[in-house]
Amino acid sequence: MEISLMNQGMYFIQRMLSPRVLVALSIVVMVFMGYARADAFSKGSHLDRSKLPLGCSSCHKGHGESGTMMLQAKKGDLCFGCHGPVKGKRKGQVGPDIYSELSKQSRHPVIETSHYHVNGEELPERSSAVPRHVACFDCHNVHRSTKENKVSGVRGYTGKGHKTRASDQSKEYEVCYLCHSDSANAPPESSDISEEFNIRNPSFHPLETVGKNKNVPSLLRDYNTSSRITCSDCHGSDTSFGPQGPHGSNYPPILKYRYEMRFEAESPLTYELCYSCHDRTSILNDESFKSHKSHVVYSDSPCSACHDSHGSALYTHLIHFDDQYVFPNANGELAYITMMPGRPKCLLSCHVKGISFDHTVDSGSYCINGNCLPAW
Ligand code: HEC
Ligand code: HEC
Ligand code: HEC
Ligand code: HEC
Ligand code: HEC
Ligand code: HEC
Ligand code: HEC
């Protein structure tokens, strides 16, 4: 209550004064009022004196010179004094190394583009002429982030024009949609991720809400059909015990584990990402789809030939055929028809290593290149 009143007051002052004067003033005011003490202001790690013994002055200077907001270093370098591989020499300069993550092969281009970030900018961007960027501050509010919610205090976007306010319950996926939904300056090959997880789709991984399928026999111990997962359960560091969060990885696109999308011999590592939540034995024993093993093991099919890892606007079970390999069949049909659990009929032609496998229904029975499977 007191805190929100104070925030309102701060916003008012903020409009009246330059940032430099403002920071100096608010530090003085807060110290005077006792707010600068960790517990009273917030439970955020950066305001916790047991973690940052220098308090506000870990990042802010008493009397201003360099940088903006009277920060100790230029905004881009400030974080790396504690979140880089080499720690600064001031008291309390410790923290997970994010710089090394952001230097990996697949990464958020923070080091390259964060200088385009502007305080109070509009996201998603509505002009394709604005340079695309991403900065620590797009995903983190250093005054409010906590160990429990690392995006706490960051605004969000639900897709299709609906913005959400920053709160202590800020949702990770809403922060991601700020740049990975309908941004005007997104690269042409990227997709609207909020559409892929849209809860009106026939299927989706359980992110915004629980999943639609109540029979997912492959789920490993920690998960069940009431579980919800996050973007950073899949997108994160490939270093075991590395820092959490989708900063960078050697597995593109910023994946925690390996995930091949081409025809390749199956092994526990080839689809390690999926096998981190779905039991490999269950999948390869055909507990759900009665032809997982023959496709994945005998034909070297990647999961992605049939499944989308986010969701499918077309079919159930995350079915979304990869159009690099899957085409209409000889009758011009391309469809996924479910009748019996585990034995769907797929009308399509799959091109594998120069050979076509034509899947058709001929006088009621399901046939591959003319060989019919009466039991299917
Ligand atoms: C971990 C570093 C860090 C610590 C610790 C920190 N700040 Fe900040 N502060 C920043 C950064 C970075 C900005 C600029 C934020 C931006 O541009 O989004 C900022 C901005 C501000 C502003 C400008 C208005 C705003 O919110 O953007 C005020 C006021 C402020 N800080 C006060 C404080 C006070 C008071 C404390 C101690 C209770 C404190 N800060 C502790 C990093 C820090
Ligand atoms: C003076 C050192 C210091 C500086 C400067 C600093 N951090 Fe931190 N940061 C820490 C420490 C310590 C933790 C807590 C680590 C822990 O509890 O494991 C932390 C934790 C975090 C977390 C995890 C969420 C949380 O609050 O626990 C985020 C996100 C974060 N920092 C972002 C930033 C960003 C962005 C900047 C630059 C504006 C920054 N930090 C600057 C020391 C620092
Ligand atoms: C402020 C904008 C911004 C926000 C917020 C943001 N990203 Fe990104 N993201 C980018 C940019 C810029 C790239 C580089 C490629 C591009 O332009 O799309 C990128 C790349 C990625 C990639 C790699 C894509 C590829 O094809 O290599 C993944 C995965 C990703 N982001 C996931 C996330 C997740 C998860 C979140 C939320 C936690 C998130 N992003 C939030 C701007 C953002
Ligand atoms: C179950 C694991 C999983 C989850 C959860 C997940 N992703 Fe992905 N994501 C992947 C995989 C695997 C790929 C690469 C395969 C592909 O492109 O289909 C990918 C690709 C991407 C890409 C690059 C390709 C593109 O379409 O632009 C972006 C950006 C991305 N994800 C963002 C997100 C965001 C944002 C979230 C949360 C809202 C999220 N992902 C949740 C596994 C996941
Ligand atoms: C695209 C969004 C995004 C950007 C940009 C980003 N982070 Fe993060 N970061 C996250 C998310 C999401 C998490 C939390 C993941 C989770 O909860 O599993 C996180 C976690 C962290 C953590 C906690 C790690 C741990 O293991 O406790 C730190 C520290 C951190 N970020 C610092 C930074 C710094 C510093 C920058 C800029 C140099 C930065 N982040 C840029 C999204 C981002
Ligand atoms: C040839 C297409 C195809 C390929 C390749 C494929 N799947 Fe499937 N998968 C299906 C179909 C069809 C279903 C739905 C079967 C049903 O329930 O009727 C399914 C269902 C599933 C399910 C949900 C039920 C369960 O078993 O828990 C999971 C999880 C799954 N697949 C994971 C994978 C993984 C992981 C891979 C790669 C190792 C993969 N699939 C490769 C077609 C495929
Ligand atoms: C972080 C854990 C996690 C990861 C990683 C993960 N899944 Fe899942 N997956 C789940 C959960 C939880 C469900 C159950 C959702 C439900 O009840 O519909 C699920 C359900 C599914 C389903 C069934 C959806 C339906 O509606 O029938 C398929 C298919 C699937 N996953 C495929 C994959 C593939 C392919 C990968 C690798 C790219 C993968 N999963 C990675 C957690 C995960």
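The next point concerns the site of ligand 7. Every one of the 26 residues lining ligand 7 counts as a neighbour, but Gly-211, Asn-213, Thr-225, Cys-274 and Cys-277 are closest to it. Residue assignment for the shell around ligand 7 shows that the elements contributing at least two residues are α10 (231-234) and α11 (272-275). Tallied by class, residues from the shell around ligand 7 come to twelve nonpolar, twelve polar and two charged.

A few words on the site of ligand 3. In the vicinity of ligand 3 lie 22 residues, with Asp-138, Cys-176, Cys-179, Cys-231 and Pro-253 positioned nearest. Counting residues per element, the ones that place at least two in the shell around ligand 3 are α7 (136-139) and α8 (172-180). Counting residues per element, the shell around ligand 3 draws most heavily on α8, at six residues. Taken together, the residues of the shell around ligand 3 sort by class into 14 nonpolar, five polar and three charged. When residues of the shell around ligand 3 are assigned to domains, at least three fall in each of domain 2 (96-196) and domain 3 (199-312).

Time to look at the nonpolar core. Ranked by size, the top nonpolar core spans 38 residues in total, and within it Val-175, Cys-176, Tyr-177, Leu-178 and Leu-255 carry the most contacts. Elements with a minimum of two residues in this core: α5 (80-83), α7, α8, α10 and α11. The element best represented in this core is α8, accounting for six residues. Once you skip the residues sitting within four places of it in the chain, Leu-178 turns out to touch Leu-123, Pro-124, Asp-138, Gly-156 and Tyr-157.

Basis of the calculations
- Residues numbered from 1 in each chain as written.
- Chains lettered and ligands numbered in written order.
- Predicted model: local features only at pLDDT ≥ 70, side-chain atom pairs only at ≥ 80, totals over all residues.
- Near = placed C-beta within 6 Å.
- Helix = DSSP H or I, 4+ residues; strand = E, 2+ residues; numbered from the N terminus.
- Nonpolar A, V, L, I, M, F, W, Y, C, P; charged D, E, K, R; others polar.
- Domains from an automatic or database assignment.
- Core = buried A, V, L, I, M, F, W, Y, C linked by C-beta atoms within 7 Å.
- Buried ≥ 20, exposed ≤ 12 C-beta atoms within 10 Å, placed from the backbone.
- Contact = placed C-beta atoms within 7 Å.

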